[in-house]
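Summary of structural features
The chain contents come next:
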Amino acid sequence: MACIEKIYSVSALVGSGACNGNCAFCAGKYLRPQASDDAIYWKNFESAIKLSARYGGWSLSLTSSGEPTCDPDAVTKALCVYQKCAGEGAYFPNVNLFTNGILLADSAFCEKWLPLWKDLGLTNIAVSIHSVDLKKQAEAYGLEQYPDLRNIFANIRKYGIGVRCTLLLRRGEINNAKKYQEAVDTLIGTYGVDNITSWPVANPDGSRNSFTPSWWGLCTIRLWLHRNTKLCHGHVWGGGVYDYKGAILRLTDYVTKHDPKKDFVRQLVVFQDATVAYSWIREGALCMK
Ligand code: SF4
């Protein structure tokens, strides 16, 4: 039996679970009934940050069972807790907010919240991209229209927050090397995004579903990365970080099942029923209640 030596990161679900998108493949919906503002949840959120920081963690990710920006007060509260932890020594160099980006096209929304979130320690906003064709991006989100990515990215950068993209690999869309390269080149060349993370859409337990790209399609993307990039470092849980013409590309899996025989934890996950688990798959991975 191994002892835990390293806890790389914390991912926390925040907010009401409300969402301004309506994706057919949404993996967060099943967690919406748990959305709450429970005092024990906030206590365990703080403990998870401090535990990961003590075990060498380097990033905090705020996400939601819906869209976190639809409940900006909850994002603010989470960042206030983080700020307190950072003041007590539990500092993360990367504090990321994961978002569908829709509300960030609204400059009044950004003016109200982004300077505050930056002051509270937010370093990056990761916008989920299903296609660089905005019509297809709107379709994926179940919307008539998706805002211009230029406006979203300009609004984020204006307040000194880094722009990242989560490029989602999905059957029928970005599902092979050709489409992956097109999307990456567009994000870098047209939109100036230089930090892109990708993973295949899958079920909440990491298993394949009808939206997951084919095994062969994913292989072609790995092969393309091998031929066209330089590996910066591998992840112990699989995948890695690559240098592509000076931009960071990261390929990983949607979730990693916790293995109690390994001496590392990819991420502590803070669920809104106040459970903290060693992975998104809670069974056999309980850490705090
Ligand atoms: S934007 Fe995210 S939370 Fe909202 S429906 Fe789509 S996948 Fe689900």
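Here's a quick rundown of the structure. Throughout, residues of each chain are indexed from 1 in the direction in which the sequence is written. Only residues with pLDDT of at least 70 get local features here, since the model is predicted, and only at 80 or more are side-chain atom pairs given and counted; chain-wide, interface and lining totals rely on the full set of residues. Side-chain measures here rest on the full set of heavy atoms in the structure, leaving out hydrogens and waters.

Some remarks on the nonpolar core
One broad trend across soluble globular proteins is that nonpolar side chains are buried collectively. Put simply, the rule is: Nonpolar core, defined: a set of buried Ala, Val, Leu, Ile, Met, Phe, Trp, Tyr and Cys residues in which side-chain atoms within 4.5 Å join the residues together. Three labels apply to residues, based on accessible area from a 1.4 Å probe with only protein chains included: buried if under 20% of the type maximum, exposed if over 50%, partly exposed otherwise in between. Only DSSP runs of H or I covering at least 4 residues are called helices, and only runs of E covering at least 2 are called strands; the numbering of each starts at the N terminus. The contact rule is simple, with two residues in contact once any of their heavy atoms fall within 4.5 Å.
Within the largest apolar cluster, 77 residues are counted, with the highest numbers of intra-cluster contacts made by Phe-45, Leu-62 and Tyr-180. Counting residues per element, this core draws most heavily on helix H2 (residues 72-87), at six residues. With residues near it in sequence (within four places) discarded, Leu-62 still touches Ala-12, Val-14, Phe-45, Val-75, Ala-78, Leu-79, Asn-96, Leu-97 and Phe-98.

Details of unusual backbone geometry
Across residues other than glycine, the phi torsion is negative in most instances, and most of the peptide bonds are trans. Despite not being glycine, Lys-245 shows a phi value in the positive range, around 50°. Looking at the element boundaries, Lys-245 is found in the loop between strand S9 (240-244) and strand S10 (247-251). The exposure class of Lys-245 is exposed, given its relative accessible area of 68%. The backbone of Ala-274 sits at a positive phi, close to 80°, despite the residue not being glycine. Relative to the helices and strands, Ala-274 resides in the loop between strand S12 (268-270) and strand S13 (276-277).

Some thoughts on the sheet that holds strand S8 (residues 230-234)
The criterion, for reference: If DSSP finds at least two bridges between two strands, the strands pair. A fitted line through C-alpha atoms serves as each axis, taken over the contacting stretch for helices, and the angle formed by two N-to-C directions is quoted from 0 to 180°.
Sheet architecture is open: 12 strands sit in the order S8-S9-S10-S7-S6-S5-S4-S3-S2-S12-S13-S14, paired in mixed fashion. Every other strand in the sheet has two partners, leaving S8 and strand S14 (286-288) as the edge strands with one partner each. Pairing between S12 and S13: two bridges, direction antiparallel. Paired with Val-270 across the bridge in S13 is Val-276. Strands in contact with H2 are strand S3 (59-63) and strand S4 (94-99); relative to S3, the strand with the most contacts, it is inclined by about 160°.

Points about the site of the ligand
Convention followed: For each residue, the test is whether any non-hydrogen atom lies within 4 Å of the molecule or strand; if one does, the residue is near. In this classification, the charged set is Asp, Glu, Lys and Arg, the nonpolar set is Ala, Val, Leu, Ile, Met, Phe, Trp, Tyr, Cys and Pro, and all remaining amino acids, among them Gly, are polar.
Lining the immediate surroundings of the ligand are Cys-19, Gly-21, Cys-23, Cys-26, Arg-32, Ser-65, Gly-66, Asn-100 and Tyr-141. For the shell around the ligand, the per-class residue count stands at four nonpolar, four polar and one charged.

Quick word on the pairing of strand S5 (residues 124-129)
Cut-off, in case you're wondering: Here a crossover is taken to be right-handed if, once the strands point away from the viewer, the path from the first strand over the helix to the second is traced clockwise.
Along S5, six of the six residues are buried, which leaves the element largely enclosed by surrounding structure. Neither face of S5 is open: one carries Asn-124, Ala-126 and Ser-128, the other Ile-125, Val-127 and Ile-129, and all of them are buried. Here S4 pairs with S5 via four bridges, running parallel. Residue Thr-99 lies in a different strand from S5, and its bridge partner there is Val-127. Considered for its hand, the β-α-β crossover made up of S4, helix H3 (residues 107-119) and S5 is right-handed. Looking at chain direction, S5 and strand S6 (residues 162-169) are connected through six bridges and run parallel. If you follow Ile-125 over to S6, its bridge partner there is Val-163.

Shape is all these values report; function is a separate question.
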